[in-house]
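Each chain, letter by letter, is given below.
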Amino acid sequence: FEIPFSFGNEFGFQGPHKPLDPGSPEPGDHQLLTRIEVDVQSQVATRRVVSPSSVDFPRVHPDRDGLQCRYLYAGTTDKDGISTPMTALAKVDLEREVTTLWSTKDGSFVGEPVFAPNPGSTEESDGWVIMMVYNGIEKTSKLCIFCADDIQEGPIATIHAPAFQPYGFHGNWAPPA
């Protein structure tokens, strides 16, 4: 089946010659993190919403990609019922189905969170979450670094990133060689 989607003005983006508009949420249904479990014996699938927050760019510890994991990090909004613009970072405890948020509180946009593990650690949440944040009003970008266990406390470090104007949605982490 097909799901129709019209392109234009996603995430408040109006083209290369106009500023991002943080007041332009996309209309329509918001995307909820959903768990689908399939019982192969009975061939029955069950579907359950795991978090009340709309999420996009979900990421886990890179060693857990494709495996069962407990923690997931994602871009989200701090407003119920809309998916964009993403103005917050969510940490979802998939085991307890609890969501913790950090919000920019100033209307800035967040990009894709990236998990950077603490070298040598075997704990799934031992590390940092790295995320680009763009303020469309001030036209400034910054790289924010969060303690993965305490995202609600806000960034533990902020690096102003004037080279990223506006900002990129996606990112990745490569450990030092």
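Above this note sits the structure.
Cut-offs used in this document
Residues numbered from 1 in each chain as written. Predicted model: local features only at pLDDT ≥ 70, side-chain atom pairs only at ≥ 80, totals over all residues. Heavy atoms only, no water. Helix = DSSP H or I, 4+ residues; strand = E, 2+ residues; numbered from the N terminus. Buried < 20%, exposed > 50% of the residue type's maximum accessible area, 1.4 Å probe, protein only. Contact = heavy atoms within 4.5 Å. Salt bridge = Lys/Arg side-chain N within 4 Å of Asp/Glu carboxyl O. Pairing = 2+ DSSP bridges. Axes fitted to C-alpha atoms, helices over the stretch in contact; angles between N-to-C directions. Core = buried A, V, L, I, M, F, W, Y, C linked by side-chain atoms within 4.5 Å.

**Regarding the overall build of the protein**
Looking only at helices and strands, the protein has 0 helices and 11 strands in total. Looking at the 177 residues of the protein, the share that counts as buried comes to 38%. Considering only residue pairs separated by 6 or more positions, the protein has 43% of its internal contacts joining residues 24 or more positions apart.

**As for unusual backbone geometry**
Positioned with a positive phi, glutamine 43 is a non-glycine residue whose angle comes to about 55°. By the secondary structure assignment, glutamine 43 is in the loop between β1 (32-39) and β2 (44-54). When its relative accessible area of 70% is taken as the criterion, glutamine 43 is described as exposed. At phenylalanine 57, a residue that is not glycine, the phi angle is positive and equals roughly 55°. Secondary-structure assignment places phenylalanine 57 in strand β3 (residues 56-59).

**Topic: the pattern of salt bridges**
A complete count under the given rule lists 7 salt bridges for this structure. The closest approach of N and O atoms between arginine 70 and glutamate 95, which form a salt bridge, is 3.7 Å. With arginine 70 in the loop between β3 and β4 (71-76) and glutamate 95 in the loop between β5 (88-93) and β6 (98-103), the pair connects residues that are 25 residues apart, well separated along the chain. Taken together, the shared-partner salt bridges in this structure form one network comprising Arg70, Asp93, Glu95 and Arg96.

**Structural notes on the sheet that holds β6**
Pairing is antiparallel across the open sheet formed by 4 strands, whose spatial order is β3-β4-β5-β6. Lying at the two open borders of the sheet, with one neighbouring strand each, are β3 and β6. Taking the axes of each pair of neighbouring strands and ignoring which way they run, one obtains an average angle of 20° across the sheet. Inspection of the sheet shows β4 paired to β5 by 6 bridges, in the antiparallel sense. Pairing of tyrosine 73 across the sheet is with lysine 91, part of β5.

**Observations regarding the nonpolar core**
Within the largest apolar cluster, 15 residues are counted, with the highest numbers of intra-cluster contacts made by Tyr73, Leu89, Val110, Val129, Met131 and Phe146. Contributions of two or more residues to this core are made by β4, β9 (127-135) and β10 (140-147). Broken down by element, this core gets its largest block of residues, 3 residues, from β9. Apart from residues lying up to four places away in sequence, tyrosine 73 is in contact with Phe57, Pro58, Arg59, Ala90, Lys91, Pro113, Phe115, Ser125, Val129 and Ala148. Ranked by size, the runner-up nonpolar core spans 9 residues in total, among them Leu33, Val55, Leu72 and Leu94.

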